[in-house]
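# Structural characterization, general
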Amino acid sequence: MSTPTRAQQFSVVLIIELWERFGFYGIQAVLLLFMVERLGMDDARATLLWGAFTALLYCTPVLGGWLGDRVLGSRRCMVIGATTLAFGYLLMALPASTTTLLYVAMGAVVAGYGLFKPNAANLVRSIYAGDDSRLDAAFTLYYMSVNVGSTVSILLSPWLKDRFGWHVAFAASFVGLSAALAGYALLHRRLEGIGSTPDLVPLNRGRAAVTLAGIPVVTLASAIVLQHPALARACVWLAAIGVVAFAAELFRRSSRAERPGLLTMYLLTLQAMLFFVFYQQQATSLTLFALRNVDLHFGIGGTTLFTMSPGQFQALNPIWIMALSPVLAWGYSQLGRQGRDLPIAVKFLLGFTSIGAAFLVWMLSAGDPAHPIVSPWIMVAGYGLLSFGELLTNGLGYAMVSRYVPKQTGALMMGAYSVAAGVALYLGGIVANWAAIPHGLGTLDPAISLPVYHALFLRLLLLALGVMVLCALLLPLIARLDRAHKLAQAPASPRM
C-alpha cells in the first residue's frame, strides 16, 4: 500500500470539517426561530439561551484541546467529538418538541464541539508540520471549507423547514455529519502516523473510558446551565474572571522582553472581543428583524428574482466572506510589495469603521415608520459591510495571539482567547435583547417591531463609533509597544 500524500491526508480532515460546519450552521439558521415560533419562547429567553449556548461552545474547546494533546490524541478526540455532535443533531431531529429535549440536545452539541473543533485544526497542523507555506495554504482551504459548508447549510436548512418541517431541517445536519463519519471510517488509514503524541501509541483503555464517561456528564451539566439563565450568567462571569486572572498571572511571570508583546495582545484582544458583540446579532436580532420587517422577495424593477426565508439571510455572511477574502488578500499583497503593510491595530480600526457603517445602513432602513417592511437588498449591503469588518478584526485574532504571545504559552493563550470570545458572544445576546419583543406582538404588526429595531441599530452604531474612537486613541500606544516587542525579539548583534 502506497504512502498517502499530504494532500490525501488533508482531504480526510477537510471533508469531515466541511460536513461538521454544514451541520452546525444548518442548526444555527433555524434554531432561534424554532425557539420563538415553535416552542413559544419570547425574544429575551431565546436570545439569552442562544448566547449562553455559543458561550459554552467557545469555552469547551479548551478542555477538548487538552484531552487531544495529553490524553487520547487529536484523531480520536475528533472522531468522538463528531459522533457526539451527530447524536446532538439526532436528538433535535426527533419529532417531540419539548424544551427539556432541546436542552439535552444542545448540551450534546456543546460536548461534541469541544472535542471536535481544536483537534481537527491540530491535525491540519500535524500534516503540514515544518512547511509553513503549505500550512498557510492548507488553512486557507480549511477556512474556505467552513464558508462553503455554512453557506450551503444556511440556505438548505430553512428551505427544508419551510417545506417539510423543523425536524427534517435538523435531520439534515445529522445525515450530513453521519455521512462524513462513514467517509472517515473508509479513509482513516491515510492519517496513520498523524496526530498528537497519544495518537501514536496504543489506546489507553482506562483514559478512553474516563473520557467517554465524561461526555454525558458534560452534556447534562451544559443542559442544566442552559436551562437556568442565572446559572448560565454566573458561569459566563466566572469564565471572564478566569481569563482576566490568567492574563494577569501570565504577565506577572513574563520577562521584561515579553511584556510589550503581551500588552499589545491584551489591548488588541479587548478590541477583538467587542467584535463578537456585533457578530452575535446575525443569529439573533438580525434574524428576527428579517422575520418581522424584511421583504423576503428580491426583485428589480418590479420583477421578483428569488425569495429567501428569514434564516437564509445568515448565508450572506459566508458568501460575502468568500467574495471579499481574495480581494483583501490581494490588497495586503500589494501593500506588502510597496513596503506599506498595515499594522493590525489599523486594520482593527478600519474593521470597526465598516461594522459601524453596516449598522448605519440598518438603522436608516428601519427609520421610516411609513414603510415598516424594508428591502431585502438592505440586508445584502449591511451584511457585506459587516463581513468586511469581520475579515479585518476576527480574521486576524489567532494570528495576533501567535505574533505577540511567548511560544511556550501560545496554546494556553489560544484557549483563553476562545473563552474570552465566548464571554463576548454572551454579551452579544444581552445586547440583542435591547430589541426583545414579547412573543406574538412583532408578528402581528411590523409597525410595532420596526421602531424597536431602529433603536437597537442606533445603539449598535453608537457602540461601533465608541470602539472606533477607542481604537484610534490606542493607536500610538500600540505602535510603541509593537516597536518595543520587535526590538526585544530581534537577535542581538554580534560584538566586533
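Reading guide: rules and limits
Residues numbered from 1 in each chain as written. Predicted model: local features only at pLDDT ≥ 70, side-chain atom pairs only at ≥ 80, totals over all residues. Heavy atoms only, no water. Helix = DSSP H or I, 4+ residues; strand = E, 2+ residues; numbered from the N terminus. Rg over C-alpha atoms; globule rule 2.2 N^0.38 Å. Buried < 20%, exposed > 50% of the residue type's maximum accessible area, 1.4 Å probe, protein only. Contact = heavy atoms within 4.5 Å. Areas by Shrake-Rupley, 256 points an atom, 1.4 Å probe, with all protein chains shown as cover. Lys, Arg positive; Asp, Glu negative; His and termini not counted. Charge placed at Lys NZ, Arg CZ, Asp CG, Glu CD. Core = buried A, V, L, I, M, F, W, Y, C linked by side-chain atoms within 4.5 Å. Salt bridge = Lys/Arg side-chain N within 4 Å of Asp/Glu carboxyl O. Patch = residues over 30% accessible without salt bridge, like charges linked within 9 Å, V, L, I, M, F, W, Y side chains within 5 Å. Axes fitted to C-alpha atoms, helices over the stretch in contact; angles between N-to-C directions. Parallel < 35°, antiparallel > 145°, perpendicular 65-115°, else oblique. Left-handed = near helix turned anticlockwise from the far one by under 90°. Nonpolar A, V, L, I, M, F, W, Y, C, P; charged D, E, K, R; others polar.

When helices and strands are counted, the protein shows 18 helices and two strands. For 496 residues, the compact-globule estimate of 2.2 N^0.38 gives 23 Å, and the C-alpha radius of gyration of the protein, at 23 Å, lies within 12% of that figure. Principal-axis analysis of the C-alpha atoms gives the protein an extent of 80 × 55 × 45 Å. Each of the 496 residues in the protein was classed as buried or not, and the buried ones make up 52%. Taking all contacts inside the protein whose residues are at least 6 apart in sequence as the whole, residues at least 24 apart take part in 83%. Here the protein has roughly 21,700 Å² of accessible surface; of this, 68% comes from carbon and sulfur atoms. The positive charge centre, built from 32 side chains, and the negative charge centre, built from 20, are 9 Å apart in the protein.

Before going further, it helps to spend a moment on the nonpolar core. Core analysis: the biggest nonpolar cluster contains 131 residues, and Leu31, Phe53, Phe289, Trp362 and Phe457 have the highest contact counts within it. Looking at this core, the element that brings in the most residues is helix 1 (residues 6-38), giving 15 residues. Beyond its immediate sequence surroundings of up to four residues, Trp362 is in contact with Leu286, Phe289, Ile378, Met379, Gly382, Tyr383, Leu386 and Phe457. Cys77, Ile80, Ala111 and Ala208 belong to the second-largest nonpolar core, a separate cluster that totals nine residues.

Scanning all chains against the criterion turns up eight salt bridges. Where Glu17 meets Lys117, a salt bridge forms, and the shortest distance between an N and an O atom there is 2.8 Å. Residue Glu17 is located in helix 1, and its partner Lys117 is located in helix 5 (residues 99-127); the two are separated by 100 residues in the primary sequence. With respect to burial, Glu17 and Lys117 carry one shared label: buried. With its nearest N and O atoms 2.7 Å apart, the salt bridge here joins Arg292 to Asp43. With a gap of 249 residues between them, Arg292 in helix 11 (residues 285-293) and Asp43 in helix 2 (residues 43-59) connect regions that are remote in the sequence. Here the salt bridges share partners, and the residues they tie into one network are Glu249, Arg252 and Arg253.

The grouping of Ile300, Leu305, Phe306 and Trp377 at the surface amounts to a nonpolar patch, some 400 Å² of accessible area in total. Relative to the assigned elements, Trp377 resides in helix 14 (residues 376-392). With a relative accessible area of 36%, Trp377 lands in the partly exposed category.

Right, let's get into the packing of helix 4 (residues 74-93) against helix 5. It is the contact of helix 4 with helix 5, at a shortest axis distance of 7 Å, that shows an interaxial angle of 155°. As the angle between them shows, helix 4 and helix 5 are arranged roughly antiparallel. The two elements helix 4 and helix 5 meet at a crossing, and its hand is left-handed. The residue inventory of the contact of helix 4 with helix 5, partitioned by class, reads 21 nonpolar, seven polar and one charged.

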